[in-house]
Amino acid sequence: MPVRKRGNKLERWEIALVKAMISDGRWPNDQDILAYFTRPTRSINHRAIAEIRTGKKHASIKAVAADDLEVFLSSWPEIDAETGLSLRGDELLIKAREAMIAAVHTFNSAGLTFRAELFIVTAVIAWTYLLHAWFKGEGIDYRHMKNQNGQKVVAKTPSGAEKFWELSQCLKEPRCPVEQGAKDNLSFLLELRHEIEHRSTNRIDDAVSAKLQACCINFNETIKKLFGAQYALERRLPIALQFVTFSPDQRAILKKASGLPRNVEIMMGGFEGRLTPEQQADPSYAFRVFMVGRTANRAPNADLAVQIVPPGSEVAEKFNMALKEVEKKKYLPSEIVNQMKDEGWNRFTMDSHTKLWKKLDAKNPAKAYGTVAVGKTWCWYETWLNRVREECEQHPQLYQSAPSS
């Protein structure tokens, strides 16, 4: 069923058309005029037409010219064939759906290298349009304002267009309808986008896939909650077919071959360090599933490629017991030094390590290189091990003896 809005009202361009229709004389009945402006996402009371006819409201708005009225009538109804949405009146909602569909199609496309980056940019556009559509329906002004000569005016671009809220500002609005887990997810993607913007990155698809999946599910659930189940995207976006299996050996090789850029590792560690364990475990923040090969006992079940096990069910609990998520591996300082020596950096000592972490302020929690573990001992994450390795590779004259002639 459609979700009705509190802020249902005619827009200025529609009021101008209504005035032209009243002046034209072909529509003496208010209800007949109303039929041109009522749609599934918005219900307008016939009283709105009467108030325009009598001049009780909107007296300052002028009627469109007769030619413009004929153009409107000749193209009416301008609707999206799939959803029935008005191409003009529901433009924001249509754009939101199309942007998210494009984001998923892009990520699922074969042969692309920077899929995660392309998905994030397009998904941010989709969420921005979705929230703008909701704010508009609720009568919330989502334009940037500024003070000018003691008065509050709408901020504009250098070319004179009004400036609307970006996604981060939409999420800060107290009346924003997005739930906290989805907000955390979007905040992560926004921070990641800023980190990788205009920079060359290695592939980060595997590392952020749980967040991207959660973003899709959150968008679909939000559009259904705010506008109605008929606008859901699951019918448009079927399951993606793969040419690969998901064996542990294969995944380990992929992860080893495509390490994250150091700045992205730091950003991700720092962001999650600000979240509580409950926030990190929220499926709206990162959607994780177990994938287990399965054979069907009965022929009708053999065609089902994916079966979702409900969280909290007996089967899910058994999976959780058998496949507990492993905590991040931690290294003592001596283990870092020994690892470097094993890799051939024979002049890398404990003193070298101490000087390096102090120089880089590596124990700063914001950098997420390590943590205080059991016994109040500082331990390092693999991100720091990678950083140390990078340091050795950049300065081999300091950490490796010259080969004897």
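The rules behind the values
Residues numbered from 1 in each chain as written. Predicted model: local features only at pLDDT ≥ 70, side-chain atom pairs only at ≥ 80, totals over all residues. Heavy atoms only, no water. Core = buried A, V, L, I, M, F, W, Y, C linked by side-chain atoms within 4.5 Å. Buried < 20%, exposed > 50% of the residue type's maximum accessible area, 1.4 Å probe, protein only. Helix = DSSP H or I, 4+ residues; strand = E, 2+ residues; numbered from the N terminus. Phe/Tyr/Trp six-rings, centres within 6.5 Å; stacked < 30°, edge-to-face > 60°. Lys NZ or Arg CZ within 6 Å of the ring centre and 35° of its normal. Contact = heavy atoms within 4.5 Å. Pairing = 2+ DSSP bridges. Patch = residues over 30% accessible without salt bridge, like charges linked within 9 Å, V, L, I, M, F, W, Y side chains within 5 Å. Areas by Shrake-Rupley, 256 points an atom, 1.4 Å probe, with all protein chains shown as cover. Salt bridge = Lys/Arg side-chain N within 4 Å of Asp/Glu carboxyl O. Expected span 1.5 Å × (residues − 1). Axes fitted to C-alpha atoms, helices over the stretch in contact; angles between N-to-C directions. Parallel < 35°, antiparallel > 145°, perpendicular 65-115°, else oblique. Left-handed = near helix turned anticlockwise from the far one by under 90°. Nonpolar A, V, L, I, M, F, W, Y, C, P; charged D, E, K, R; others polar.

## A short note on the nonpolar core
Ranked by internal contacts, the top residues of the largest apolar core, which has 54 residues, are Met100, Phe119, Trp127, Phe219 and Phe227. Only helix 5 (91-108), helix 6 (115-138), helix 7 (167-172), helix 8 (180-196), helix 9 (205-227) and helix 11 (262-273) provide two or more residues apiece to this core. Among the elements that line this core, the one with the most residues is helix 6, at 12 residues.

## Description of the packing of aromatic side chains
Where two aromatic rings form a pair, the distance of their centres and the angle of their planes describe that pair. For the structure shown, the criterion picks out 14 aromatic pairs. Relative to tryptophan 380, the ring of tryptophan 378 has its centre 5.6 Å away and its plane inclined at 70 degrees; by these criteria the two rings are edge-to-face. As far as burial versus exposure is concerned, tryptophan 378 and tryptophan 380 are alike and both buried. Pairwise contacts between aromatic rings join Trp134, Phe135, Tyr142, Phe164 and Trp165 into one cluster. Here the basic side chain of arginine 115 rests over the ring of phenylalanine 107, its NZ or CZ set 4.4 Å away from the ring centre. Above the ring of phenylalanine 188, the side-chain terminus of lysine 211 is found at 5.0 Å from the ring centroid.

## Section: the environment of tyrosine 142
Following the sequence through the fold, tyrosine 142 ends up in the loop between helix 6 and strand 1 (145-148). Given a relative accessible area of 12%, tyrosine 142 falls into the buried group. Taking the C-alpha atoms as reference points, tyrosine 142 and tryptophan 165, 23 residues apart in sequence, are found 5.7 Å from one another. The contacts of tyrosine 142, once residues within four sequence positions are left out, are Leu92, His132, Phe135, Lys136, Phe164 and Trp165.

## A word on the pairing of strand 1
For strand 1 and strand 2 (residues 151-154), the ladder comprises 4 bridges, and the chain directions are antiparallel. Bridge pairing links methionine 145 to valine 154 in strand 2. Remark: 2 residues form the turn of the hairpin made by strand 1 and strand 2, two consecutive strands paired antiparallel; asparagine 149 in that turn has positive phi of roughly 55 degrees.

## Description of a nonpolar patch on the surface
Taken together, the side chains of Leu112, Phe114 and Leu118 make up a nonpolar region of the molecular surface, amounting to roughly 250 Å² of accessible area. Within the secondary structure, leucine 112 sits in the loop between helix 5 and helix 6. Taking relative accessible area as the criterion, leucine 112 reaches 35% and is therefore assigned partly exposed.

## A closer look at the pattern of salt bridges
Taken as a whole and judged by the stated rule, the model has 15 salt bridges. For glutamate 343, the salt bridge identified is with arginine 389, shortest N-O distance 2.9 Å. Of this pair, glutamate 343 sits in the loop between helix 14 (333-342) and helix 15 (350-359) while arginine 389 sits in helix 16 (residues 382-394), and the two are 46 residues apart along the sequence. Here lysine 355 makes a salt bridge to aspartate 351, at a shortest N to O gap of 3.2 Å. One end of the pair is lysine 355 and the other is aspartate 351, both in helix 15 and 4 residues apart, which spans about a single turn. Of the residues examined, lysine 355 reaches a relative accessible area of 54% and is grouped as exposed. The exposure class of aspartate 351 is partly exposed, given its relative accessible area of 46%. One network of salt bridges, with partners in common, ties together Asp24, Arg26 and Glu70.

## Quick notes on helix 5
Along its 18 residues, helix 5 runs 26 Å from first to last C-alpha, staying within 8% of the 26 Å computed at 1.5 Å per residue. Taken as a whole, helix 5 has its buried residues at Leu92, Leu93, Ile94, Ala96, Arg97, Ala99, Met100, Ile101, Ala103, Val104 and Phe107.

## Quick word on the packing of helix 5 against helix 9
Where helix 5 meets helix 9, the axes come as close as 12 Å, and the angle between the chain directions of the two elements is 155 degrees. Comparing their axes, helix 9 and helix 5 come out roughly antiparallel. Pair helix 5 / helix 9 crosses with left-handed handedness. Residues Leu93, Ala96, Arg97, Met100, Val104 and Phe107 of helix 5 pack against Asp205, Leu212, Cys215, Cys216, Phe219, Ile223 and Phe227 of helix 9. For the contact of helix 5 with helix 9, the per-class residue count stands at 11 nonpolar, no polar and 2 charged.

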